Amino acid sequence: MLEAVIVDDEVKALQSLSWELTNLSDEVDIVASFTDAHEALKYLEQNTPDCLFLDIEMPAMDGFQFIKNLKNKNFPVVITTAYNQYALKALKNEAIDYLLKPIDTDDLELTIAKIKKYNAKNFTAEKLEKILLNFNAESHNKKITINTDGKLVFLNSDDILYAESDGNYSTLFLSDGHKMLLTKKLKEVNAILPENSFFRIHNSYIINLNKIKEFLKTDGYVVLESNHKIPVSRQKKSDFLDML
């Protein structure tokens, strides 16, 4: 069942689209409809429909302002309007489709098909992500899950040499020589690394304890198997020695 929400300040237009949708297919369910854009925004903060049919010409807040104010955008938006000059702007505002009033039944059928295709694609991606995360959580050889560049990367902790802070970002340095930039602070990275094998040796560094080759006590550095020299902060030195 395709759950749809309609936002249109004109009652007749709203009723007409509701009738068209429910009569077009028994797979479409109008779960909510609004003539007040602000009420619709509040509803969509708490609910995620399968699609939103949104009018452009509305008092107080037009459709494009409405899209900008949407906090939850995890559903396709279809623009409905009596004015065809908004078509290009609608697409630029990430609308999945554009319907011109009075809405033609054939056009509406094509739009419904497009919504189903869009949702099926995104559902598959979300479902696969959940399967991978659940599998990893239950695995005996649990890997570290890194979310970066729109993909999930699963790493063995032994593949990580150290992590370095760069403000709101962090870089993982791997045993094979590769680097991985993360949009996470070092504190967040530290939270996902195993406590028994990783230690935050400095405000800017986390090291893999299993990769230490030398500890230069006088200089205050550790040397990793890769020959990287990582400073040990004075505040962390005592705790570091306890870990060793």
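Description of the structure in this document. (Residues numbered from 1 in each chain as written. Predicted model: local features only at pLDDT ≥ 70, side-chain atom pairs only at ≥ 80, totals over all residues. Heavy atoms only, no water.)

## Things to note about the pattern of salt bridges
- Under the definition given, this model contains 5 salt bridges.
- In this structure, Lys 211 and Asp 158 form a salt bridge, with 3.6 Å as the shortest nitrogen-oxygen distance. Here the residue Lys 211 occupies a position in the loop between β12 (205-208) and β13 (212-216), and Asp 158 occupies one in the loop between β7 (151-155) and β8 (160-166), the gap between them amounting to 53 residues.
- Since its relative accessible area comes to 9%, Lys 211 is described here as buried.
- Bridged by salt links that share partners, the residues Asp 8, Asp 55 and Lys 101 form one connected network. (Salt bridge = Lys/Arg side-chain N within 4 Å of Asp/Glu carboxyl O. Helix = DSSP H or I, 4+ residues; strand = E, 2+ residues; numbered from the N terminus. Buried < 20%, exposed > 50% of the residue type's maximum accessible area, 1.4 Å probe, protein only.)

## Let's talk about helix α1 (residues 11-24)
- For α1, which comprises 14 residues, the first-to-last C-alpha distance of 20 Å matches the rise-based estimate of 20 Å (1.5 Å per residue) to within 8%.
- Buried residues of α1: Ala 13, Leu 14, Leu 17, Ser 18, Glu 20 and Leu 21, and no others. Buried residues in α1, looked at end-on, bunch into an arc of 165°, giving them a common side. Opposite the packed face of α1, turned more than 90 degrees from it, sit the exposed residues Lys 12, Gln 15 and Trp 19. (Expected span 1.5 Å × (residues − 1). Arc of directions from axis to C-beta.)

## Considerations on the sheet that holds strand β1 (residues 2-7)
- A sheet is described by the order of its strands in space; here 5 strands give the open sequence β2-β1-β3-β4-β5, paired in parallel fashion. Single-partner strands in this sheet number two, and they are β2 (28-34) and β5 (97-100). Shown here is a sheet whose adjacent strand axes are inclined to one another by a mean of 20°, direction ignored.
- In this structure, β1 lies alongside strand β3 (residues 51-55), joined through 4 bridges in parallel fashion. (Pairing = 2+ DSSP bridges. Axes fitted to C-alpha atoms, helices over the stretch in contact; angles between N-to-C directions.)

## Topic: the pairing of β13
- The pairing of β13 with strand β14 (residues 221-224) spans 4 bridges and is antiparallel. Bridge pairing in β14 links Glu 214 to Val 223.
- Here β13 hands over to β14 after 4 residues, with Gly 220 in that stretch at a positive phi of 75°.

## Re the packing of aromatic side chains
- Summed over the entire model, instances satisfying the criterion amount to 3 aromatic pairs.
- With a centroid separation of 5.3 Å and an interplanar angle of 50°, the aromatic rings of Phe 34 and Tyr 43 are classed as tilted.
- For Phe 34, a relative accessible area of 12% puts it in the buried group.
- Each residue in the set Tyr 162, Phe 173 and Tyr 205 is aromatic and connected to the rest through ring pairs, giving one cluster. (Phe/Tyr/Trp six-rings, centres within 6.5 Å; stacked < 30°, edge-to-face > 60°.)

## Thoughts on a negative patch on the surface
- On the surface, Asp 104, Asp 106, Asp 107 and Glu 109 cluster together into a patch of negative charge.
- Its place among the elements puts Asp 104 in the loop between β5 and α5 (105-138).
- Among the residues examined, Asp 104 registers a relative accessible area of 37% and is labelled partly exposed. (Patch = residues over 30% accessible without salt bridge, like charges linked within 9 Å, V, L, I, M, F, W, Y side chains within 5 Å. Areas by Shrake-Rupley, 256 points an atom, 1.4 Å probe, with all protein chains shown as cover. Lys, Arg positive; Asp, Glu negative; His and termini not counted. Charge placed at Lys NZ, Arg CZ, Asp CG, Glu CD.)

## Quick word on the pairing of β2
- Pairing between β1 and β2: 6 bridges, direction parallel. By the bridge assignment for β2, Ala 4 is matched with Ile 30.

## Description of the sheet that holds β14
- Judged by pairing direction, the sheet is antiparallel, and its 3 strands sit side by side in the order β13-β14-β15 without closing on themselves. On the outer flanks of this sheet lie β13 and β15 (229-231), each paired with one strand and no other. If you compare each strand with its neighbour and ignore which way they point, the axes differ by 25° on average.
- Judged from the 3 bridges that link them, β14 and β15 form a sheet pairing that is antiparallel. Among the inter-strand pairings, Tyr 221 is bridged to a residue of β15, identified as Pro 231.

Without other data, these values stay purely geometric and don't point to any function.
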